[in-house]
Amino acid sequence: MIELTRLNGHALYVNADLIKYIEAAPDTMITLVTNEKTVVRESCQQVIELAHQYKANLLRSTWPTAADALTAKFAHNIEETSR
């Protein structure tokens, strides 16, 4: 979940996996996959960054060694293509 702010200043927690799209009209409007719409104070870019941080933190907590594994795989692929 990501924490956002409604126009009235109250906190709103949104499941980032349910965001269908975000638009600036001129306020930031989030449409969920359920077609529910919510207007928030944060910019579109801020919502995107919060969603990316949420997903990155989720991946880090479920697969803490992912960075090491992916780095090793990338290095192996480079080594294979240079032969």
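Residues numbered from 1 in each chain as written. Predicted model: local features only at pLDDT ≥ 70, side-chain atom pairs only at ≥ 80, totals over all residues. Heavy atoms only, no water.

Looking now at the nonpolar core. In this structure, Ile2, Leu4, Leu12, Val14, Ala16, Ile19, Ile30, Leu32, Val40, Val47 and Ala51 together form the largest nonpolar core, which totals eleven residues. At the level of secondary structure, the elements contributing two or more residues to this core comprise strand S1 (2-5), strand S2 (11-14), strand S4 (28-32) and helix H1 (44-62). Setting aside anything within four residues of it in sequence, one finds Ala16 in contact with Ile2, Ala51 and Tyr54. (Core = buried A, V, L, I, M, F, W, Y, C linked by side-chain atoms within 4.5 Å. Buried < 20%, exposed > 50% of the residue type's maximum accessible area, 1.4 Å probe, protein only. Helix = DSSP H or I, 4+ residues; strand = E, 2+ residues; numbered from the N terminus. Contact = heavy atoms within 4.5 Å.)

The next thing to look at is unusual backbone geometry. Cis geometry marks the peptide bond from Ala25 to Pro26; its omega dihedral reads -20°. Mapped onto the elements of the fold, Pro26 is located in the loop between strand S3 (19-24) and S4. Positioned with a positive phi, Asn35 is a non-glycine residue whose angle comes to about 70°. Inspection of the secondary structure puts Asn35 in the loop between S4 and strand S5 (37-40).

This brings us to the environment of Leu4. Within the fold, Leu4 resides in strand S1. Sequence spacing of Leu4 and Gln46 is 42 residues, and the spatial spacing of their C-alpha atoms is 9.4 Å. Not counting the four nearest positions on each side in its chain, Leu4 is found in contact with His10, Ala11, Leu12, Val14, Ile30, Val40, Glu42, Val47 and Leu50.

A few words now on the pairing of S1. Burial of the side chains of S1 is restricted to one face: Ile2 and Leu4 are buried, whereas none of Glu3 and Thr5 on the reverse face is. Bridge count between S1 and S2: four bridges; the pairing is antiparallel. Across the sheet, residue Ile2 finds its bridge partner in S2, namely Val14. Connecting the antiparallel pair S1 and S2 is a turn made up of five residues, with Gly9 showing a positive phi of about 95°. (Pairing = 2+ DSSP bridges.)

In short, the description is geometric, and any link to function would need to be established separately.
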